[in-house]
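# Chain and residue survey
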Amino acid sequence: MSVTLLVAEAVWSNIESTGSVTEEQLSSLHLLFGKNLEKATRIIDKRGVKKISGLPSGRSIFQVVGESQKREEYLCFPGDYCGCYSFFYDVVSRGEHQCCKHQLAARLASSLGTYSGIEVSDDHLALMLSKI
């Protein structure tokens, strides 16, 4: 794990423990993630993060709305994957970013509990995941 992600993980842990974010924590995250954090906070402000949980397993994935006019929704695992173009191009292919704005939005919303929760059957969740 990179130093950036280790520092970010410490900040996320602090946010999760209090359920709130301070200006200092936002500044630290901004230093680590730059404009992607700004974009992620806009997504959260527009209530663009949903946590989809399968029942009865409790497994979950996040669905995050994009900022384009199309308002596409991307399935993502905050630390591992997002279905958006930026994830594949900027994160995976070029290695220019640690994560995309959708992953950041999902992680921050998860840490703060500011997402919409949706419960579906495990079969439905499996179907969603099979389309990734």
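Presented here is an overview of the structure given in this document. (Residues numbered from 1 in each chain as written. Predicted model: local features only at pLDDT ≥ 70, side-chain atom pairs only at ≥ 80, totals over all residues. Heavy atoms only, no water.)

### Details of the packing of aromatic side chains
Rules: Any Phe, Tyr or Trp ring, taking Trp's six-membered ring, that has another such ring centre within 6.5 Å forms a pair; planes under 30 degrees apart are called stacked, those over 60 apart edge-to-face, and the others tilted. Under the scheme used here, helices are H or I runs from DSSP no shorter than 4 residues and strands are E runs no shorter than 2 residues, and both carry numbers assigned from the N terminus. Burial classification: accessible surface area is computed with a 1.4 Å probe over protein chains only, and a residue below 20% of its type maximum counts as buried, one above 50% as exposed, and the rest as partly exposed.
Within the structure shown, the criterion is met by five aromatic pairs. Centroid distance Phe-62 to Tyr-115: 5.9 Å. Interplanar angle 85 degrees. Geometry classified as edge-to-face. With Phe-62 in strand β2 (residues 60-65) and Tyr-115 in the loop between α5 (101-112) and β5 (116-121), this residue pair connects regions lying 53 residues apart in the sequence. With a relative accessible area of 30%, Tyr-115 lands in the partly exposed category. An angle of 80 degrees between the planes, with centres 5.5 Å apart, marks the rings of Phe-87 and Phe-88 as edge-to-face. Phe-87 sits in the buried class, given a relative accessible area of 6%.

### Here we look at the packing of helix α1 (residues 3-18) against helix α2 (residues 23-33)
Put simply, the rule reads: For helices, the axis comes from a line fit to the C-alpha atoms of the stretch in contact; other axes are also lines fit to C-alpha atoms, and the angle between any two N-to-C directions lies between 0 and 180 degrees. An angle below 35 degrees is treated as roughly parallel, one above 145 as roughly antiparallel, one from 65 to 115 as roughly perpendicular, and anything else as oblique. Here a crossing is called left-handed whenever its near helix is offset anticlockwise from the far helix by less than a right angle, and right-handed whenever the offset is clockwise. For this analysis, residues touch if any pair of their heavy atoms sits within 4.5 Å. All amino acids are sorted into three groups, where Ala, Val, Leu, Ile, Met, Phe, Trp, Tyr, Cys and Pro are nonpolar, Asp, Glu, Lys and Arg are charged, and the leftover types, Gly among them, are polar.
The interhelical angle for the contact between α1 and α2, taken along N-to-C directions, is 155 degrees, at an axis separation of 10 Å. Classed by the angle they form, the pair α1 and α2 counts as roughly antiparallel. The two elements α1 and α2 meet at a crossing, and its hand is left-handed. Contacts between α1 and α2 pair Thr-4, Val-7, Ala-8, Val-11, Trp-12, Asn-14 and Ile-15 from the former with Gln-25, Ser-28, Leu-29, Leu-32 and Phe-33 from the latter. Split into classes, the residues belonging to the contact of α1 with α2 amount to eight nonpolar, four polar and no charged.

### Considerations on a nonpolar patch on the surface
Where we set the bar: Here the term patch refers to residues with relative accessible area over 30% and no salt bridge, with like charges joined within 9 Å and nonpolar side chains (Val, Leu, Ile, Met, Phe, Trp, Tyr) within 5 Å. The method behind every accessible area is Shrake-Rupley, applied with a 1.4 Å probe, and residues are considered shielded solely by the protein chains displayed. Note on definitions: salt bridges are taken to be side-chain nitrogens of Lys or Arg within 4 Å of carboxyl oxygens of Asp or Glu.
The grouping of Phe-77, Leu-129 and Ile-132 at the surface amounts to a nonpolar patch, some 230 Å² of accessible area in total. By the element assignment, Leu-129 lies in helix α6 (residues 122-130). A relative accessible area of 33% means that Leu-129 is categorised as partly exposed.

### Quick word on the pattern of salt bridges
In the structure shown here, the tally under the stated rule is seven salt bridges. For Arg-94, the salt bridge goes to Asp-90, with nearest N and O atoms at 3.7 Å. Shared partners join several salt bridges into a network, and the residues in it are Glu-9, Glu-16 and Arg-107.

### Some remarks on the environment of Pro-78
When you line up the elements, Pro-78 lands in the loop between β3 (73-77) and β4 (81-82). Those residues in contact with Pro-78, other than ones at most four positions away along the chain, are Phe-62, Gln-103, Ala-106 and Arg-107.

### Brief notes about the side chain of Ser-53
The topology assignment puts Ser-53 in strand β1 (residues 49-55). With near-sequence residues (within four places) excluded, Ser-53 lies in contact with Arg-59, Ser-60, Ile-118, Glu-119 and Val-120.

No statement about biological role is implied by the geometric values presented.
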